[in-house]
Amino acid sequence: MSKTANLKTKLRAWLYTRFPFLAHKAAAKIRPFSFENTPWAPIVKPLSEIKVSIVTTSGVHLNSDLPFNMEDETGDPSYRIVPSDADISTLTITHNYYNHSDADRDINIVFPIERMREYVDEGRIGSLANQHYGMMGHIRENHLGEYMNKWLPEVAKMMKEDSVDCALITPG
Amino acid sequence: MEANGIATVGISIEKKFTEEVKPPRTVFLKWPYGHPLGEPGAIKQQRAVLDVAFRMLETCETPGEIIEPGYAWKRHKYE
């Protein structure tokens, strides 16, 4: 992405956060994918026994990991693994399509890992999964096939192997 | 994920997308982008959103349901 395009994207992200009606107006033009039937898995045990994994589309990843690709204006459909015991000082956000300056100060507003640790300590939920998943939500149609058929099934498989009961999904 | 037996609950700040995508369980907040859990350092606010989400896991029986707690941005007092 050229410097001018990057600046334009960042300005737009700032405007969308400062003036939410502009964001909703822009969103009205986007056609998201949709399902005929909503898939459904019930929770069959008490919350105090469930294992939770966080999936965020806010662009969170370990600062030692490869950042999401901001050069492709149609998005980056891949994911990054965030180990459950990661110190929040080792996390960062790569996402030019929303203003994350507040989330840079407190990552819990997009990736509530510290709140979830509190819930486990208080016995309100059973445990946290071994790992959580950072994605970058700005994905256009050309990446949807790869996203739906490759990356998401991989994440679901890892969660199943980790005996996850619930995924908490947060946007940016 | 639900097809793999993993229950999901999501937080949304863009209602149009949620209504069209129809995820299984969603907590919708009319808050600015970049703030699905609220404001930085506002632990009570962040927990209030999570409380609604986890309560929904227990109580929601209708796929596609959207719960709107109606917390006004920067005006709601969290106990």
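Below you will find a few notes about this structure. Note on numbering: residues in each chain are counted from 1, in written sequence order. Throughout, the order in which chains and ligands are written sets their labels, letters from A for the former and numbers from 1 for the latter. Owing to the predicted nature of the model, reporting of local features is limited to residues with pLDDT of at least 70; listing and counting of side-chain atom pairs is limited to 80 or more, with chain, interface and lining totals taken over all residues. In computing side-chain values, all of the structure's heavy atoms are included and hydrogens and water are not.

### Quick word on the overall build of chain B
Just so we agree on the cut-off: A run of H or I in DSSP becomes a helix once it reaches four residues, and a run of E becomes a strand once it reaches two; helices and strands are each numbered from the N terminus. Computation of the radius of gyration draws on C-alpha atoms, with the globule rule given as 2.2 Å multiplied by the number of residues to the power 0.38. Think of it in three bands: residues with accessible area under 20% of the maximum for their type are buried, residues over 50% are exposed, and the middle band is partly exposed, with areas taken using a 1.4 Å probe on protein chains only. In this analysis, two residues are considered to be in contact whenever any of their non-hydrogen atoms come within 4.5 Å of each other.
Each helix and strand in chain B was counted, giving two helices and three strands. Secondary structure elements of chain B occur, N-terminal to C-terminal, as β-α-β-α-β. Rg of the C-alpha trace for chain B: 13 Å, near the compact-globule value of 12 Å for 79 residues, within the 12% margin. Along the longest, intermediate and shortest principal axes, the C-alpha atoms of chain B span 35 × 25 × 15 Å. Burial analysis of chain B (79 residues in total) assigns 53% to the buried set. A fraction of 49% describes how many contacts in chain B between residues 6 or more apart in sequence connect residues 24 or more apart.

### Points about the packing of aromatic side chains
Going by this rule: Here a pair means two rings of Phe, Tyr or Trp (six-membered ring of Trp) with centres within 6.5 Å. Their orientation is stacked below 30 degrees between planes, edge-to-face above 60, and tilted elsewhere. Both a distance and an angle decide whether a charge sits over a ring: NZ of Lys or CZ of Arg must be within 6 Å of the ring centre and within 35 degrees of the ring normal.
Scanning the model with the defined rule gives five aromatic pairs over all chains in all. Ring centres of Y79 of chain A and Y133 of chain A lie 6.2 Å apart, and the angle between their planes is 75 degrees; on these two criteria the pair is classed as edge-to-face. With Y79 of chain A in the loop between β2 (60-62) and β3 (80-83) and Y133 of chain A in strand β6 (residues 131-134), this pair connects stretches of sequence that are 54 residues apart. A residue is classified by how much of its surface remains accessible, and Y79 of chain A, at 14% relative accessible area, is buried. Here Y71 of chain B and Y78 of chain B contribute two aromatic rings whose centre-to-centre distance is 5.2 Å and whose plane-to-plane angle is 75 degrees, an arrangement assigned as edge-to-face. Each of the two residues, Y71 of chain B as well as Y78 of chain B, counts as buried. Members of the aromatic cluster, connected to one another through ring pairs, are Y79, Y133 and W151 of chain A. When the ring centre of F68 of chain A is taken as reference, the NZ or CZ atom of R80 of chain A above it lies at 4.4 Å.

### Some remarks on a nonpolar patch on the surface
Cut-off, in case you're wondering: A residue counts toward a patch only above 30% relative accessible area and without a salt bridge, and it is joined to like-charged neighbours within 9 Å or, for Val, Leu, Ile, Met, Phe, Trp and Tyr, to nonpolar neighbours within 5 Å. Accessible areas in this description were obtained via Shrake-Rupley with a 1.4 Å probe; residue shielding takes into account the shown protein chains only. In what follows, salt bridge is the name for a side-chain nitrogen of Lys or Arg lying within 4 Å of a carboxyl oxygen of Asp or Glu.
A grouping of L11, W14 and F19 of chain A is seen on the molecular surface, where their side chains present a nonpolar patch of about 300 Å² in accessible area. Looking at the secondary structure, you find W14 of chain A in helix α1 (residues 3-18).

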